[in-house]
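# Notes for the structure review
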Amino acid sequence: MTTVQKIKEVEDEMARTQKNKATSYHLGQLKAKLAKLRRELIGPSGSGGGGGGGLGFDVARTGIASVGFVGFPSVGKSTLMSKLTGTHSEASEIDFTTLTTVPGTLKVHGAPIQILDLPGIIEGANDGRGRGRQVIAVARTCNLIFIVLDVLKPLGDKTLIESELEGFGIRLNKKPPNVTVRKKERGGVAITNTVPLTDIDHDEIKAVLSEYKINNADVAIRQAGITADDLVDVIEGNRVYIPAIYVLNKIDAISIEELDLLYKIPMSVPVSSRDWLNIDELVEKMWDTLNLVRVYTKPRGLAPDYSSPVVLRRGKCTIEDFCNSIHKEIVKQMKYAVVWGASAKHSRGQKVGLDHVLEDEDVVHISKK
Ligand SMILES: Nc1nc2c(ncn2[C@@H]2O[C@H](COP(=O)(O)OP(=O)(O)OP(=O)(O)O)[C@@H](O)[C@H]2O)c(=O)[nH]1
Ligand SMILES: [K+]
Ligand SMILES: [Mg+2]
């Protein structure tokens, strides 16, 4: 039996099994089995993503953040990417027009963002069909994924694309589960939870662990609503958590009434790439979701340079990160920094050290020894 067939078998069995107290151990086992089979399918290089291991399409990565376009063929990915960036990517009504990654750059609020147009994927992409695996391997390395959907068939397509991405270890619009599994030498399995367990029970936890041959461990659950799938994710450990925006394209093809009826998909923006409708909202949503921090440099005695900000990612935006992103030597040469803006205590400028955390649109002067 091939891995794909085995996966199908486990999925069928899961669908047949009602979830209740008596079956939770069995279901836990099945979920862990499924995750292990999916890992087999992706292969050893699957978790690497990017260019390595023959997966992915090599492309020079520029800018602080990248946005990858994922969708079925002919939903309008290339039309949107060409117009956004000014880089030509062939578009036509014929499916699979785009055959490789086409990179372009879009400057948003002064920050250059790399935009990656990708080939269309088909159902079963993560089983190795078509170029889907390479496309998803690139998507795994992006800071944001645009899931591009055709408004005439958005819901079904959305579910299919999501399951392709999930099968490849990508978790969309989700934070890593607040669960730890600490293996030990003896003592069996000890479970502690700071919140009530609503979607998983002790039997299910033990079943998942035993499927991974973990017989001694401290399991700590500190988040409500944790499921067996979350626990499997924590044990597998190679998941990536990426924000996604659902781009509902071709709204020019439907009436205003139909547009109103478009159910509210969270994190979605309806647009028309062809007629350039509502693109501003899409770019703003992209900016907000990327959560970037722009920092302007101010040389001694001069006005700040607002034309080219140093762009940092939130969570990695201290004075030290700022210095390092300009030149590795600066940290050694710095005596102190002065900061103006939201992160500063007062408006006349605050003297700070390397560990000071910056805010978007701060101005920084580095004083050298
Ligand atoms: N009506 C309408 N048609 C669009 C829109 N955007 C793209 N199209 C058309 O849809 C077709 C496919 O567009 P592409 O940009 O090639 O789509 P793609 O998703 O890049 O396709 P692949 O590269 O083959 O996966 C073309 O005929 C476009 O002109 C839109 O907003 N409205
Ligand atoms: K096309
Ligand atoms: Mg294309």
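Here is what the cut-offs are and how they apply
Residues numbered from 1 in each chain as written. Chains lettered and ligands numbered in written order. Predicted model: local features only at pLDDT ≥ 70, side-chain atom pairs only at ≥ 80, totals over all residues. Heavy atoms only, no water. Domains from an automatic or database assignment. Contact = heavy atoms within 4.5 Å. Buried area = accessible area lost by both parts, 1.4 Å probe. Salt bridge = Lys/Arg side-chain N within 4 Å of Asp/Glu carboxyl O. Polar contact = N/O pair within 3.5 Å; in protein donor to acceptor, adjacent residues only side chain to side chain. Helix = DSSP H or I, 4+ residues; strand = E, 2+ residues; numbered from the N terminus. Core = buried A, V, L, I, M, F, W, Y, C linked by side-chain atoms within 4.5 Å. Buried < 20%, exposed > 50% of the residue type's maximum accessible area, 1.4 Å probe, protein only. Donors = N, O, S within 2.8 Å, 3.2 Å for Na, K, Ca; no water. Phe/Tyr/Trp six-rings, centres within 6.5 Å; stacked < 30°, edge-to-face > 60°. Lys NZ or Arg CZ within 6 Å of the ring centre and 35° of its normal.

## Examining the domain arrangement of the protein chain
The domain architecture assigned to the protein chain consists of domain 1 (3–42 + 177–236), domain 2 (52–174 + 240–290) and domain 3 (292–368). The interface is formed by ten residues belonging to domain 2 together with seven residues belonging to domain 3. Between domain 2 and domain 3, the buried area comes to about 750 Å², and carbon and sulfur atoms account for 58% of it. It is Ile64, Trp287 and Leu290 that lose the most area in domain 2 upon contact with domain 3, and together they represent 58% of the buried surface on that side. The interface formed by domain 2 and domain 3 includes zero salt bridges. Inspection of the region where domain 2 meets domain 3 yields three residue pairs in polar contact (both at pLDDT 80 or more). Those elements giving two or more residues to the side of domain 2 that touches domain 3 turn out to be strand S3 (111–117) and helix H9 (279–290).

## Structural notes on the nonpolar core
If you look at the biggest cluster of nonpolar residues, it comprises 59 residues, and the most contacted ones within it are Val67, Phe69, Ile113, Ile145, Phe146, Ile147 and Met286. Beyond its immediate sequence surroundings of up to four residues, Ile147 is in contact with Val70, Ile161, Leu165, Leu172, Ala244, Ile245, Tyr246 and Val247. Of all hydrophobic cores here, the second largest spans 18 residues; its members include Val293, Ile319, Val339 and Val364.

## Some words on the environment of Leu248
Summarising the element assignment, Leu248 is placed in strand S10 (residues 244–249). Classification of Leu248 by relative accessible area gives buried; the value is 2%. On a C-alpha basis, the gap between Leu248 and Ile226 in space is 30 Å, while along the polypeptide they are 22 residues apart.

## A short note on the coordination of the magnesium ion (ligand 3)
On the protein side, the magnesium ion (ligand 3) has Ser78 (OG) and Thr98 (OG1) as donor atoms, found 2.0 Å from it. A relative accessible area of 7% means that Ser78 is categorised as buried.

## Some details on the packing of aromatic side chains
On inspection of all chains with the given rule, the structure shows two aromatic pairs. On the basis of an interplanar angle of 15° and a centroid distance of 5.2 Å, the ring pair of Phe69 and Phe146 is categorised as stacked. One end of the pair, Phe69, is in strand S1 (residues 65–70); the other, Phe146, is in strand S4 (residues 144–150), and 77 residues separate them in sequence. Comparing Phe69 with Phe146, the two get one shared label, buried. A centroid spacing of 4.8 Å and a plane angle of 65° characterise the contact between Tyr296 and Tyr306, whose relative ring orientation is edge-to-face. In this pair, Tyr296 sits in strand S12 (residues 292–297) while Tyr306 sits in the loop between S12 and strand S13 (310–313), placing the two residues ten residues apart along the sequence. The positively charged end of Lys36 is found above the aromatic ring belonging to Tyr212, 5.5 Å away from the centroid. The ring centre of Tyr336 lies 4.3 Å from the NZ or CZ of Lys351, which sits over that ring.

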